[in-house]
Amino acid sequence: MVMNFDIAMTGFVALYVFMLAAFAGWVIIGNVPAILHTPLMSGSNFVHGIVVVGGLFALLNAATPLEQAIGFFAVLLGAGNAAGGYAVTDRMLAMFKTSDASPKRRRAAHGRRKAHGHGKG
Amino acid sequence: MLTSISQLVIGGVDLAAAALFLFGLKRMSSPASAPGGIRVAGLGMIAAVLASFLYVFSVDAAARPHLMVNIALAIAALGVGGAGAWFVGRKVAMTAMPQMVAIYNGMGGGAAGSIAAVELFGARTNGVTQLVVTLAGALIGAVSLSGSLIAWAKLDGILKAPLRVKGQQIANMAVMLATLAVGGLIVAKVTGVSGLPLAASTWIWIFFAGALAFGVLMTVPIGGADMPVVISIYNAFTGLAVGLEGFVLQNPALMIAGMVVGAAGLLLTLLMAKAMNRSVANVLFTNFGTPAKTHTGAIKGDERPIEASDAAIKMRYSSSVIMVPGYGLAAARAQQKLYEFVKLLLAAKVSVKFAIHPVAGRMPGQMDVLLAEAGVPYDMIFQLDDINDEFATTDVALVIGANDVVNPAARTDKGSPIFGMPILNADKAKQVYVVKRGQGKGYAGIVNALFYGPNCEMVYGDAQAVLVQMIEAVRGLGLAAAA
């Protein structure tokens, strides 16, 4: 038996995926405080950098010089989108600090955060 | 067999990546958990990119002779694009963040449009639905690419004034309709309707040219003050384009990531538009940035000046101060000095908070990042809704480099272009000091009634210089040791 893991998504299945993803995005993003809206935007920017995977698919399947050129362009832009989006988001998030900055208390705060995160999740 | 294994691995890794993206964004609900969130999402991205090299085991027959060249091209593109953007992203100043986000939006849109182009030129789409979705993604992606480049040029100061000509909206509409018509023609061509002029590929070129032109035309007339909304819109557009191309490539990770970002962009767009008291259509289709009809006649009294040192000493001996920073603070690179002054006040047991308006920066939340960069702890930073009631019980509000977002005309003057816009109620504080370069109007060119209020005094000068004087004045009181 030949196993087939090909993904086939047509019509309504695709619409369901879109609908659920849009809803999840709306709810998750709605919970992000305004103070983080810039890193949120660069972070969601980074997330759409996943387009680089589509670019790789297109480039690897390119059969003519024109397709190769456009595919190269797609991967170039997608990789820039992902890497750049990550770099700036990571930099910005590292800047947000609380008032209790002493190492000991920061560690304690970290512990609380973890417990808090589990409780919420 | 190798094909099924590679499909299994790609499918599994992409599924994990999509889950990690959602998890990462979920962790952004607090500044404490957010850094871990982006790292988790980053791992997902690296895994997905590495796994996609397994596509080599299932390439089309036509592409097989070119496989080695294509792999080399892929590695080169990943290296050049990734390393270049990484390097720039590590160096870029926080004040330039709106431009960077605009560029990344454009890159993502361009990548989605390029994927669509490969599918279209290679005639790989299967059936009318896929063809239409490919074209839709191509259109949105291309508009996002060229529009974002214009937004970047505007934010970077390369394009100064908004460019407007008469009948522009009609011309834009014509370009849009023509592009859609060409799209319809491509569908007809590909589905085998005979008797149409030119080759399908020619029409595809025209389609992309039209879409790119529309992105430029749509963005050029929008004023600089509206860029926060524009960036959010293009964020949503790029997400949508990526999601649509994900459907075309039958890749659910792209569909999910794209749609999540699309929804996020839409939400932020609506939030921004609400904070500016405008509808999204109003931002896109009317000329806001032009100087509005002035209301100078309606305002009585004069702006009363005060020395920086006097204002500083008054703050030192008050019990509560709210800082209202605007983009002018960042333009003067004075965030560090402001925090230095705040630390002196804190040492003298003055309660200090920062009040941030949603459009205080050039993009949503930018002022928060600029303050964080200067070292201000995030528990001192408050958003409009959380702090607005506190002004009435606060001794001093210090407005630095902000103007329209504290203009009480938004509450009272029905004739004002900003009437109805939510503002920070700085005018309700017992005493207001405004640090300003000189007498003049704000970014949107509107006269500010706050400056003429009985409880307001003006500190004229460059924000950085004024803050240095304030710091010296408070230090001069002999409390430097406490700081």
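That block above? That's the structure.
Residues numbered from 1 in each chain as written. Chains lettered and ligands numbered in written order. Predicted model: local features only at pLDDT ≥ 70, side-chain atom pairs only at ≥ 80, totals over all residues. Heavy atoms only, no water.

**Describing the packing of helix 3 (residues 51-60) of chain A against helix 4 (residues 97-121) of chain B**
Inference 1: Direction vectors running N to C along helix 3 of chain A and helix 4 of chain B enclose 30°, while the axes themselves pass 9 Å from each other. When the axis of helix 3 of chain A is compared with that of helix 4 of chain B, the two are roughly parallel. For helix 3 of chain A against helix 4 of chain B, the interelement crossing comes out left-handed. Here V51, G54, G55 and A58 of chain A of helix 3 of chain A come into contact with helix 4 of chain B, specifically with G108, A111, A112, I115 and V118 of chain B.
Inference 2: The residue inventory of the contact of helix 3 of chain A with helix 4 of chain B, partitioned by class, reads six nonpolar, three polar and no charged. (Axes fitted to C-alpha atoms, helices over the stretch in contact; angles between N-to-C directions. Helix = DSSP H or I, 4+ residues; strand = E, 2+ residues; numbered from the N terminus. Parallel < 35°, antiparallel > 145°, perpendicular 65-115°, else oblique. Left-handed = near helix turned anticlockwise from the far one by under 90°. Contact = heavy atoms within 4.5 Å. Nonpolar A, V, L, I, M, F, W, Y, C, P; charged D, E, K, R; others polar.)

**A few points about the interface of chain A and chain B**
Inference 1: Tallying the contact residues gives 87 residues for chain A and 110 residues for chain B.
Inference 2: Here chain A and chain B share three salt bridges between them.
Inference 3: Two residues, D90 of chain A and R90 of chain B, come together in a salt bridge whose shortest N-O distance is 3.2 Å.
Inference 4: One can count 23 residue pairs in polar contact (both at pLDDT 80 or more) joining chain A with chain B. (Salt bridge = Lys/Arg side-chain N within 4 Å of Asp/Glu carboxyl O. Polar contact = N/O pair within 3.5 Å; in protein donor to acceptor, adjacent residues only side chain to side chain.)

**Let's talk about the pattern of salt bridges**
Inference 1: If you walk through the whole model with that rule in mind, you get ten salt bridges over all chains.
Inference 2: The residue R124 of chain B makes a salt bridge to D60 of chain B at a minimum N-O spacing of 2.8 Å. With R124 of chain B in the loop between helix 4 and helix 5 (127-155) and D60 of chain B in the loop between helix 2 (34-51) and helix 3 (67-91), this pair connects stretches of sequence that are 64 residues apart.
Inference 3: Given the relative accessible area of 35%, D60 of chain B is considered partly exposed.
Inference 4: Residue R411 of chain B is joined to D427 of chain B by a salt bridge in which the shortest nitrogen-to-oxygen separation is 2.4 Å. You can see R411 of chain B sitting in helix 16 (residues 409-412) and its partner D427 of chain B sitting in the loop between helix 16 and strand 5 (431-436), a full 16 residues away along the chain.
Inference 5: Through salt bridges with shared partners, a single ionic network connects E67 of chain A together with D60 and R124 of chain B. (Buried < 20%, exposed > 50% of the residue type's maximum accessible area, 1.4 Å probe, protein only.)

**Looking at the packing of helix 5 of chain B against helix 6 (residues 168-190) of chain B**
All names here are of chain B.
Inference 1: Interaxial distance between helix 5 and helix 6 falls to 10 Å at its minimum, and their mutual angle equals 150°. Our classification of the angle between helix 5 and helix 6 gives roughly antiparallel. Crossing handedness for the pair helix 5 and helix 6: right-handed. Judged by residue contacts, V128, L131, V132, L135 and L139 of helix 5 engage M176, T179, L180, G183, I186, V187 and V190 from helix 6.
Inference 2: Grouping the amino acids of the contact of helix 5 with helix 6 by side-chain chemistry returns ten nonpolar, two polar and no charged.

**Description of the sheet that holds strand 4 (residues 396-400) of chain B**
Residues and elements named next belong to chain B.
Inference 1: Strand order in the open sheet formed by six strands is 3-2-1-4-5-6, and the pairing between neighbours is parallel. The sheet is open, and its two borders are formed by strand 3 (381-383) and strand 6 (456-460), each paired with just one other strand. Within the sheet, the average angular offset between the axes of one strand and its neighbour, ignoring direction, is 25°.
Inference 2: Where strand 2 (residues 351-356) and strand 3 come together, three bridges link them in parallel fashion. For A355, the partnering residue across the bridge sits in strand 3 and is F382. (Pairing = 2+ DSSP bridges.)

**Looking at the packing of aromatic side chains**
Inference 1: Counted according to the given criterion, the structure contains seven aromatic pairs over all chains.
Inference 2: Measuring from centroid to centroid gives 5.6 Å for F46 of chain A and Y86 of chain A, while their planes differ by 65°, and the two rings are edge-to-face. Taken together, the residues span a long stretch of sequence, with F46 of chain A in helix 2 (residues 37-47) and Y86 of chain A in helix 4 (residues 65-95) at a distance of 40 residues.
Inference 3: Of the residues examined, F46 of chain A reaches a relative accessible area of 2% and is grouped as buried.
Inference 4: Since its relative accessible area comes to 15%, Y86 of chain A is described here as buried.
Inference 5: Ring centres of F121 of chain B and W205 of chain B lie 5.0 Å apart, and the angle between their planes is 45°; this geometry places the pair in the tilted category. In this pair, F121 of chain B sits in helix 4 while W205 of chain B sits in helix 7 (residues 200-219), placing the two residues 84 residues apart along the sequence.
Inference 6: Within the aromatic cluster, the residues linked to one another by ring pairs are F46 and Y86 of chain A together with F21 and W86 of chain B.
Inference 7: We note K353 of chain B situated over the ring of F382 of chain B; from NZ or CZ to the ring centre the distance is 5.0 Å.
Inference 8: The cationic tip of R362 of chain B hangs over the ring face of Y327 of chain B; the distance from NZ or CZ to the ring centre is 4.0 Å. (Phe/Tyr/Trp six-rings, centres within 6.5 Å; stacked < 30°, edge-to-face > 60°. Lys NZ or Arg CZ within 6 Å of the ring centre and 35° of its normal.)

**Quick look at the side chain of E67 of chain A**
Inference 1: Positionally, E67 of chain A belongs in helix 4.
Inference 2: Given a relative accessible area of 5%, E67 of chain A falls into the buried group.
Inference 3: At 2.9 Å, the side chain of E67 of chain A and the backbone nitrogen of A63 of chain A are in polar contact.
Inference 4: In this structure E67 of chain A touches N61 and A62 of chain A together with V118, F121, G122 and R124 of chain B, once residues within four positions along its chain are discounted.

**Looking at the side chain of S320 of chain B**
Residues and elements named next belong to chain B.
Inference 1: Tracing the backbone shows S320 in strand 1 (residues 320-325).
Inference 2: According to the relative accessible area criterion, S320 is buried, its value standing at 13%.
Inference 3: At a separation of 3.2 Å, a polar atom in the side chain of S320 contacts the main-chain amide nitrogen of D395.
Inference 4: Residues contacting S320, with those up to four places away along its chain left out, are V350, S351, T393, T394, D395 and V396.

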